[in-house]
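Close look at the chain arrangement
Below, each chain spelled out in residue letters.
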There are 2 protein chains.
Amino acid sequence: VLVPTEQDRRAAPAGLRVDVYTGDGDPAGDLGDVTFYVLPYARPDAVQLLPGLTGLRAVQLLTAGYEAVQPLLPAGVALHNAAGLHDASTAEMAMALILAAQREVPRWALNQRDGAWQRDFTRSLAGSRVLVVGYGGIGKALEARLLPFEVEVVRVASRARPEERIHGVDELPALLPGADIVALAVPETPATRGLIGGRELALMPDDALLVNVGRGSAVDQAALLAEGGRIRAALDVLRDEPPGPNDPVWTAPGVFFSPHIGGGSATFVPRSRKFIAEQLRRWAAGEALLNRVS
Amino acid sequence: VLVPTEQDRRAAPAGLRVDVYTGDGDPAGDLGDVTFYVLPYARPDAVQLLPGLTGLRAVQLLTAGYEAVQPLLPAGVALHNAAGLHDASTAEMAMALILAAQREVPRWALNQRDGAWQRDFTRSLAGSRVLVVGYGGIGKALEARLLPFEVEVVRVASRARPEERIHGVDELPALLPGADIVALAVPETPATRGLIGGRELALMPDDALLVNVGRGSAVDQAALLAEGGRIRAALDVLRDEPPGPNDPVWTAPGVFFSPHIGGGSATFVPRSRKFIAEQLRRWAAGEALLNRVS
């Protein structure tokens, strides 16, 4: 078994042979002996080990998304994701982005550096109608954090569930014109690619805010920039990460971005350790692992 | 009667003589006729009218704090504040500052301007212990917004009320060493001046966060800067607003500030209009005004 940290190794059950691969350098031991590989978090290069793991039977990702890894696995290797482990961290980042945009935190940071003082009152979050698009773990955690702010939350998911007051994405054209804030927390799937394109952006009111903490592919970024600031945006995920040096997103009016740090803040660490320990216990005991996705 | 906006004038009861004074230029009408003056919000110069208002009987402020205006009023003039009208806006700003600091929004804004990409994972709010110092309207509104973030809120007010789990400020020395975040929402009074000084800062753990949305006087700013970044700070209020051009607060490590915009965001406007309309109705009807403070 390969795990990403020494702490994970120490938490493994006695009798299980466990080595550490942090994503740097070469892993210890014979790669052909590895049956279960827990990939290190936010180290895309860690997949390069996969072709050498000739005895592999199971893979554990520490991300919720698995679209990039699935095609790399031979038939018969079970894939598991980390659904749920990032919900609190990612929903918190969505709130940080929403509040930063409404209360203009990026502007005050730049003003402070410039030695400039402009006491201009801002928008509020209170009184806003917020579309939460994607009503899985992150969407629910975001809704819980939004509600005390005196907002109206409108739930949107891939399929309508009227008994839970959840709208389907096919209702977006009717919902977007009434939205002050549209917060995206959807996985990358064929159905979510380009979910918010030029047509959807055109339906949003002037000065509305688009927030994205899911995957950059959900937004047609060229269409967003073509709005020229009419729609504000606060994005933790982008089409290209990092953007190229000449990407207009760096200087686009009304667009603020952070470097895809929604899911991985400090609160993720204890949740990840606990989860890996449970998966190793199950692996050693021959029980089914949690979160199998394929 | 003098009111700050044309909308306020139009909402006044028939029969009441009302002029508008926005804080710019000279007010219309004979100042000696003014019996009730509603000062415009965030226009400190508006007090300059007071000496000319020889028939004045009542003053309405649109701020919660009244320490600057009270000494300027002749005996017999009733003073009223706007307690409660800013609670939602100010608590929202406190949350914006807390989340911006934990998730490093100012850093990403500066990086975006610099064309720099650093994908470093940050602190979380989740799992933090937050001291809410000042348990009035703003403090309660802040607590309501904090709780869904998986935090522990510790209530602190001027006097302990054990039946409501509220600690007294005299317990701060015992509470500060266990605080991840200290959020100040206290009015300016002799008791709150310098509430957080060198002694209190020294009791806070390394890397703790100090947030202030009340009055700048509650923090000994020189002592804060002397910490050299050991204590992080996110401040909507400062000792001097604006800071002087050579004030070290502009470049202090770990210190972020916004230009005292906590109370005055968009959500304040409808609340203020409704409140002024009610005060004018009471004035015309000869009823006691709300929120008399002296």
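Structure first, text after, so check above.
Rules behind the numbers
Residues numbered from 1 in each chain as written. Chains lettered and ligands numbered in written order. Predicted model: local features only at pLDDT ≥ 70, side-chain atom pairs only at ≥ 80, totals over all residues. Heavy atoms only, no water. Contact = heavy atoms within 4.5 Å. Salt bridge = Lys/Arg side-chain N within 4 Å of Asp/Glu carboxyl O. Helix = DSSP H or I, 4+ residues; strand = E, 2+ residues; numbered from the N terminus. Core = buried A, V, L, I, M, F, W, Y, C linked by side-chain atoms within 4.5 Å. Buried < 20%, exposed > 50% of the residue type's maximum accessible area, 1.4 Å probe, protein only. Axes fitted to C-alpha atoms, helices over the stretch in contact; angles between N-to-C directions. Parallel < 35°, antiparallel > 145°, perpendicular 65-115°, else oblique. Left-handed = near helix turned anticlockwise from the far one by under 90°. Nonpolar A, V, L, I, M, F, W, Y, C, P; charged D, E, K, R; others polar. Least-squares fit on C-alpha atoms with pLDDT ≥ 70 in both.

**As for the interface of chain A and chain B**
- With 56 residues of chain A at the contact, the number on the chain B side is 56 residues.
- Where chain A meets chain B, there are 8 salt bridges.
- D114(A) is the partner of R113(B) in a salt bridge, and the nearest nitrogen-oxygen pair spans 2.9 Å.
- At the level of elements, helix 2 (87–103), helix 3 (105–114), helix 4 (137–146) and strand 12 (255–257) of chain A are the ones that each hand at least two residues to the side of chain A that touches chain B.

**Quick look at the environment of P71(A)**
- Locating P71(A) in the fold gives a position in the loop between strand 4 (58–60) and strand 5 (78–80).
- As for P71(A) and V133(A), which are separated by 62 residues in sequence, their C-alpha atoms are 27 Å apart.

**Looking at the nonpolar core**
- Judged by nonpolar contacts, the single largest core of 64 residues is most densely connected at L125(A), L146(A), L125(B) and L146(B).
- Each residue touching L125(B), except ones within four places of it in the same chain, is listed here: E92(A), M95(B), I98(B), L99(B), Q102(B), V130(B), L146(B), F149(B), V151(B) and I181(B).
- Residues L131(A), V154(A), V156(A) and L224(A) belong to the second largest nonpolar core, which totals 31 residues.

**Thoughts on the packing of helix 2 of chain A against helix 2 (residues 87–102) of chain B**
- Their axes nearest at 9 Å, the elements helix 2 of chain A and helix 2 of chain B cross at an angle of 120°. By the angle class used here, helix 2 of chain A and helix 2 of chain B are oblique. Handedness of the helix 2 of chain A/helix 2 of chain B crossing: left-handed. On helix 2 of chain B, the residues touching E92(A), M95(A), A96(A), L99(A) and R103(A) of helix 2 of chain A are S89(B), E92(B), M93(B), M95(B), A96(B) and L99(B).
- For the contact of helix 2 of chain A with helix 2 of chain B, the residue count by class is 7 nonpolar, 1 polar and 3 charged.

**Considerations on the relation of the copies chain A and chain B**
- Note on the identical chains: chain A maps onto chain B by a rotation of 180° and an axial translation of 0.0 Å, with an RMSD of 0.0 Å. On the angle and the small slide along the axis, the relation comes out as a two-fold axis. Identified as the residue of chain A closest to the rotation axis by C-alpha distance is P106(A), at 2.9 Å.
- Most of the interface of chain A is mirrored in chain B: 100% of its interface residues are interface residues there too.

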